[in-house]
Amino acid sequence: MLKRKCPICSKPSIEAVKPFCSKRCADIDLSRWLKGVYAIPATENDEADPTDQDDPFNAERDL
């Protein structure tokens, strides 16, 4: 079975803190999440159109 590498430092992961190799790497990852480093940037085109035709509730309101 292949051992996965730690996503932070690329050392082999250990079962106790999987998928990381240590508590330190797990804490680094948590810190990155809390700071928003992993956020996906949005653009104005990503916003939902309020008049979306695929919304069944919009069709009911028009009746």
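The structure contained in this document is the topic of the report that follows. Quick caveat, the model's predicted, so the values are computed rather than measured.

Summed over all chains, the structure comprises zero disulfides. Note on Cys9: no disulfide assigned, nearest cysteine sulfur contributed by Cys21 at a separation of 3.3 Å. For Cys21, a relative accessible area of 14% translates into the label buried.

Attention now goes to the packing of aromatic side chains. The full count for this structure, using the stated rule, is one aromatic pair. Centre to centre, the rings of Trp33 and Tyr38 are 4.9 Å apart; their planes meet at 65°, and the pair counts as edge-to-face.

Rules used throughout
Residues numbered from 1 in each chain as written. Predicted model: local features only at pLDDT ≥ 70, side-chain atom pairs only at ≥ 80, totals over all residues. Heavy atoms only, no water. Disulfide = S-S within 2.5 Å. Buried < 20%, exposed > 50% of the residue type's maximum accessible area, 1.4 Å probe, protein only. Phe/Tyr/Trp six-rings, centres within 6.5 Å; stacked < 30°, edge-to-face > 60°.

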